[in-house]
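Secondary and tertiary structure notes
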Amino acid sequence: MTKTTKFLIIRFSSIGDIVLTTPVIRCIKQQYPDAEVHFVVKRKFKSVVEHNPYIDHLHYLDKDNLKDLISDFKQVNFDYIIDLHKTLRSYLLRFRLLRPTFSFRKLSVEKLIMNKFHIDLLPKDLHIVTRNLKSVESLGIVDDHKPVDYFISAQEEVDLSTIPDTHQNGYIAFVIGGQHFTKRMPVEKIIRICQRIDLPIVLLGGPEDKVVADQIEKAIGNKIFNACGKYQLNQSVSLLKSAKVVIAHDTGLMHISGAFNKPIISIWGGTSATHFGVWPYLNQQNVIAEVEGLDCHPCSNFGLKACPKKHFRCMYDQNEQFIADSALQMFATKSNA
């Protein structure tokens, strides 16, 4: 009888980073004989992974339950720990369990040097998914060269007959949010891009994006369906899945769009797709809108509360016509396919 091999994969947060670990989860489950995959994540990100068929057991990190998790994990007796988070809490968990551990190259020092001094010591053309997969190469796991995964339940699928008639035969999804200020395009630029796109547009974002979304809807009119704050995350993913084209900032929904092979225009402000290896993974239909030639760019790999230089040129200098034209061309190509 073949022995079950038990894996604990650690990725506490965020939505985008969790999504970017899914190729590792899938490859381990599909390639390792009798693998039993456990995944530990912050409870607030439960919906991101709860329907993933490659995960056998989900565990949730709460504010004060790390000791309880460690106690529970000791009873499981894992064969391997795959740490794709690499923070103090993941180190503590690994230390207490004392199991063979594999982790990825976080490149924290190289990123710091890039952000502070703009000296580029980062690996070229190396996506973070590839770095994640390299962490398990010595276990015989090989890259299957497939996109990220994202799964939702049938109950979370939005019935398109419930959205405006004008949008039921195809639309562009515009993900207007972003966790930090320097990831978000100013509202007046979003409005001008939408004005240049003579097609139905669905605005996607959370409740925190509703004020901006309301401004856009008021300025543009009926070709906008404002979905911000109206749906739970996986319902928004359903609307993303049904879109013909996606425009998005550096967000979790941008990475999720890769699971459905959506044509995407990704917009980058203070962060950088190319320097930090976080462009839409294995997406051959993507356009990266990133202002080149700024000596202050990038300024952060996560985003900041304000532009350190006060001018915010990484967003204000974005070419609105280029973004709009790219979306229109992608929509036409998708419609004629």
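This text follows the structure it describes.
These figures come from a predicted structure and were not determined experimentally. (Residues numbered from 1 in each chain as written. Predicted model: local features only at pLDDT ≥ 70, side-chain atom pairs only at ≥ 80, totals over all residues. Heavy atoms only, no water.)

1. Describing the sheet that holds strand β7 (residues 201–204)
Threshold: DSSP calls a pair of strands paired once it identifies at least 2 bridges connecting them. Segments assigned H or I by DSSP are reported as helices when at least four residues long, segments assigned E as strands when at least two residues long, and all are numbered from the N terminus. A fitted line through C-alpha atoms represents every axis, and for helices the fit uses only the stretch in contact; the resulting angles, taken between N-to-C directions, go from 0 to 180 degrees. The contact definition used throughout considers only heavy atoms, calling two residues in contact when any of these lie within 4.5 Å.
Strand order in the open sheet formed by six strands is β8-β7-β6-β9-β10-β11, and the pairing between neighbours is parallel. Where the open sheet ends on each side, the last strands, each with one partner, are β8 (224–226) and β11 (286–290). Ignoring strand direction, the axes of neighbouring strands in this sheet form an average angle of 20 degrees. Pairing of strand β6 (residues 172–175) with strand β9 (residues 245–249) involves four bridges; the strand directions are parallel. Within β9, the residue paired with V175 across the bridge is A248. Of the strands in this sheet, β6, β7, β8 and β9 are in contact with helix α8 (residues 187–196), which crosses β6 at around 175 degrees. In the packing of helix α10 (residues 233–242) onto the sheet, the strands contacted are β6, β7 and β9, and the crossing angle to β7 comes to about 150 degrees.

2. Looking at a nonpolar patch on the surface
This is how it is decided: Each patch is built from salt-bridge-free residues with over 30% relative accessible area, joining like charges within 9 Å and nonpolar side chains (Val, Leu, Ile, Met, Phe, Trp, Tyr) within 5 Å. Per-residue and other accessible areas follow the Shrake-Rupley method at a 1.4 Å probe size, with only the shown protein chains counted as cover for residues. Basic side-chain nitrogens of Lys or Arg form a salt bridge, by our definition, when they fall within 4 Å of a carboxyl oxygen of Asp or Glu. Partly exposed residues are those whose accessible area sits between 20% and 50% of the maximum for their type, while under 20% is buried and over 50% is exposed, using a 1.4 Å probe and protein chains only.
Side chains of L92, F95 and L98 sit close together on the surface and give an oily, nonpolar patch of about 350 Å² of accessible area. With respect to the secondary-structure elements, L98 resides in the loop between α5 (88–97) and β5 (101–103). The class for L98 is exposed, based on a relative accessible area of 64%.

3. Looking at the pattern of salt bridges
Inspection of the entire model under this criterion finds 17 salt bridges. In this structure, D62 and R43 form a salt bridge, with 2.9 Å as the shortest nitrogen-oxygen distance. With D62 in the loop between β3 (57–61) and α4 (66–76) and R43 in the loop between β2 (35–42) and α3 (46–49), this pair connects stretches of sequence that are 19 residues apart. For D62, a relative accessible area of 25% translates into the label partly exposed. A salt bridge links E320 to K189; the shortest N-O distance between them is 2.8 Å. Of the two residues, E320 is situated in helix α14 (residues 320–336) and K189 in helix α8; the sequence distance between them amounts to 131 residues. Owing to a relative accessible area of 10%, E320 belongs among the buried residues under this scheme. The structure contains a network of salt bridges with shared partners spanning K189, R192, R196 and E320.

That is the geometry; function is a separate question.
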